[in-house]
Amino acid sequence: DQQVKQNSPSLSVQEGRISILNCDYTNSMFDYFLWYKKYPAEGPTFLISISSIKDKNEDGRFTVFLNKSAKHLSLHIVPSQPGDSAVYFCAASATNFGNEKLTFGTGTRLTIIP
Amino acid sequence: DAGVTQSPTHLIKTRGQHVTLRCSPISGHKSVSWYQQVLGQGPQFIFQYYEKEERGRGNFPDRFSARQFPNYSSELNVNALLLGDSALYLCASSLVQGARETQYFGPGTRLLVL
C-alpha cells in the first residue's frame, strides 16, 4: 500500500524555468512533510519541510506547497539550475507516533536541460 | 565535520548467509534510523534507535535486527539472506528523537545477494 505517491517518474525542465514536482498521500495521520534530493552514490539530502499547519514554506529557490484537503504537496524550484538534476523524494511522517519513521514516495528524476 | 558514515560501501553475499552493516552517526547525534531502498523504490523504514533503545520498527521480518552502541553507532544485521534483500541500505542520524528532527543520511551500503 503506497501511502506516499509520486506519479511522475521523470521530469525534464529547461534551465532557468520553474520545476514543479508533485506528491500525493493517502494517510490522513501524516502531519509533517519533507523533500529530499538524491544524487547517484550519495544518500538523500534534506531540502525543505512543511508542517500541516502551514500551506507554504519557502527557502531560497525552493518552495513547498501543501493542500491538505487534496492530500497533495508540490515542490517548486525556480529558477532551475543544472545542479538541480537529481532524484527527488517526497516523504511524510505522523508526529504523534513518537518516532521518526519517514514514509517515502518512489521518487521523481529531474533533469535540467542547459 | 564528518557526515554519517557507513561500511562497507558494497557487499556481495549468497542466499542463506548473514550480513552486518555498520553506521556511525554525525558527532553528537543520538538517534539512528535504518532504511532499505530497493531499485526503483523510495527508502523504506526498518528501525529507529535512540539512546540505545529501539523506538520504532518497520514492516520487516525478524531476520532483520539492529542495535545501537554506547557511542551511538549502530549495526544492522540480516540473517538467512534472500535474493529480495538485495538493496541499498541507508542509515540516517538526527540530533535527538523527534519526528521533526532533520534526518541526515549516509551514502548507504549496497548489498547484492546471489
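Basis of the calculations
- Residues numbered from 1 in each chain as written.
- Chains lettered and ligands numbered in written order.
- Predicted model: local features only at pLDDT ≥ 70, side-chain atom pairs only at ≥ 80, totals over all residues.
- Heavy atoms only, no water.
- Helix = DSSP H or I, 4+ residues; strand = E, 2+ residues; numbered from the N terminus.
- Rg over C-alpha atoms; globule rule 2.2 N^0.38 Å.
- Buried < 20%, exposed > 50% of the residue type's maximum accessible area, 1.4 Å probe, protein only.
- Contact = heavy atoms within 4.5 Å.
- Areas by Shrake-Rupley, 256 points an atom, 1.4 Å probe, with all protein chains shown as cover.
- Lys, Arg positive; Asp, Glu negative; His and termini not counted.
- Charge placed at Lys NZ, Arg CZ, Asp CG, Glu CD.
- Phe/Tyr/Trp six-rings, centres within 6.5 Å; stacked < 30°, edge-to-face > 60°.
- 1 Å grid on protein atoms, 1.4 Å probe; cavity = no way out; pocket = protein on both sides within 12 Å on 5 of 7 lines; lining within 4 Å.
- Points joined across faces, edges and corners; volume = space filled by probe spheres on them.
- Nonpolar A, V, L, I, M, F, W, Y, C, P; charged D, E, K, R; others polar.
- Pairing = 2+ DSSP bridges.
- Axes fitted to C-alpha atoms, helices over the stretch in contact; angles between N-to-C directions.
- Disulfide = S-S within 2.5 Å.

Chemist: What am I meant to see in the overall build of chain B here?
Modeler: Looking only at helices and strands, chain B features zero helices and eleven strands. For 114 residues, the compact-globule estimate of 2.2 N^0.38 gives 13 Å, and the C-alpha radius of gyration of chain B, at 13 Å, lies within 12% of that figure. Counting only residues that meet the buried cut, chain B has 51% of its 114 residues in that class. Intrachain contacts of chain B at a sequence separation of at least 6 include 53% that bridge at least 24 residues. Accessible surface, chain B: about 5,400 Å² in total, of which carbon and sulfur atoms supply 50%. Looking at charge distribution, chain B has the averaged site of its 11 positive side-chain charges lying 6 Å from that of its 8 negative ones.

Chemist: Explanation requested: the packing of aromatic side chains in the structure shown.
Modeler: The geometry of an aromatic ring pair is captured by two quantities: the separation of the ring centres and the angle between the planes. The full count for this structure, using the stated rule, is twelve aromatic pairs over all chains. When the centroid spacing of 4.6 Å and the interplanar angle of 40 degrees are considered together, the rings of Tyr25(A) and Phe33(A) count as tilted. Summarising the burial analysis for this pair, Tyr25(A) and Phe33(A) share the class buried. Seen from their ring centres, Tyr35(B) and Phe45(B) are 5.7 Å apart, and the 70 degrees between their planes marks the pair as edge-to-face. With a gap of ten residues between them, Tyr35(B) in strand S4 (residues 31–37) and Phe45(B) in strand S5 (residues 44–50) connect regions that are remote in the sequence. A relative accessible area of 5% means that Phe45(B) is categorised as buried. Three or more aromatic residues link up through ring pairs in this structure, and these residues are Tyr36(A), Phe46(A), Phe89(A), Phe104(A), Tyr35(B), Phe45(B) and Phe105(B).

Chemist: Help me understand the layout of surface pockets, please; the structure alone is not making it clear to me.
Modeler: It is the rolling of a water-molecule-sized probe over the atoms that shows where space remains empty. Taken as a whole, the largest pocket holds about 500 Å³ of empty space. Those elements that provide at least two residues to the lining of the largest pocket are strand S9 (86–93) and strand S11 (108–113) of chain A. Residue composition of the lining of the largest pocket, by class: ten nonpolar, nine polar and four charged. One number sums up the size of the second largest pocket: a volume of about 390 Å³. The wall of the second largest pocket is formed by 19 residues, among which Asp1(A), Thr103(A), Pro43(B), Gln44(B) and Phe45(B) lie closest to the centre. Listed by contribution, the elements that provide at least two residues to the lining of the second largest pocket are strand S10 (103–104) of chain A together with S5 of chain B. Split into classes, the residues belonging to the lining of the second largest pocket amount to six nonpolar, eleven polar and two charged.

Chemist: I'm lost on the pairing of S4(B) in this one. Help?
Modeler: In summary, the side chains of a regular strand alternate between the two faces of the sheet. Residue and element names in this part refer to chain B. Of all seven residues in S4, seven are buried; the element is thus mostly enclosed. The two faces of S4 match: Ser-31, Ser-33, Tyr-35 and Gln-37 on one face and Val-32, Trp-34 and Gln-36 on the other face are all buried. Bridge count between S4 and S5: six bridges; the pairing is antiparallel. Bridge pairing links Tyr-35 to Phe-45 in S5. Here S4 pairs with strand S9 (residues 87–94) via seven bridges, running antiparallel. When the sheet's bridge partners are listed, Val-32 is paired in S9 with Ser-93.

Chemist: Explanation requested: the sheet that holds strand S7 (residues 64–68) of chain B in the structure shown.
Modeler: The strands making up a sheet are joined through hydrogen bonds of the backbone, oriented either antiparallel or parallel. Residues and elements named next belong to chain B. Pairing is antiparallel across the open sheet formed by four strands, whose spatial order is S1-S3-S8-S7. In the strand order of this sheet, the two ends are held by strand S1 (5–7) and S7, each with one partner. Averaged over all adjacent pairs, the angle separating strand axes in this sheet is 15 degrees, with direction ignored. Where S7 and strand S8 (residues 74–78) come together, five bridges link them in antiparallel fashion. Directly across from Ser-65, in S8, lies its bridge partner Asn-77.

Chemist: In this structure, what is going on with the state of the cysteines? I would like to understand it.
Modeler: A disulfide bridge is the covalent bond that connects two cysteines by way of their sulfur atoms. Taken as a whole and judged by the stated rule, the model has two disulfides over all chains. A sulfur-sulfur distance of 2.0 Å marks the disulfide that ties Cys23(A) to Cys90(A). Between Cys23(A) and Cys90(A) the disulfide shows an S-S torsion of about -70 degrees. By sign, it is left-handed. With Cys23(A) in strand S3 (residues 19–25) and Cys90(A) in strand S9, this pair connects stretches of sequence that are 67 residues apart. The two residues Cys23(A) and Cys90(A) agree in class, both being buried. Covalent S-S linkage joins Cys23(B) and Cys91(B), the inter-sulfur distance amounting to 1.8 Å. Across the disulfide from Cys23(B) to Cys91(B), rotation about the S-S bond amounts to roughly -60 degrees, and the bridge is consequently left-handed. Placement of the pair is Cys23(B) in strand S3 (residues 19–24) and Cys91(B) in strand S9, with a sequence separation of 68 residues. Residue class for Cys23(B) comes out buried when judged on its relative accessible area of 2%.

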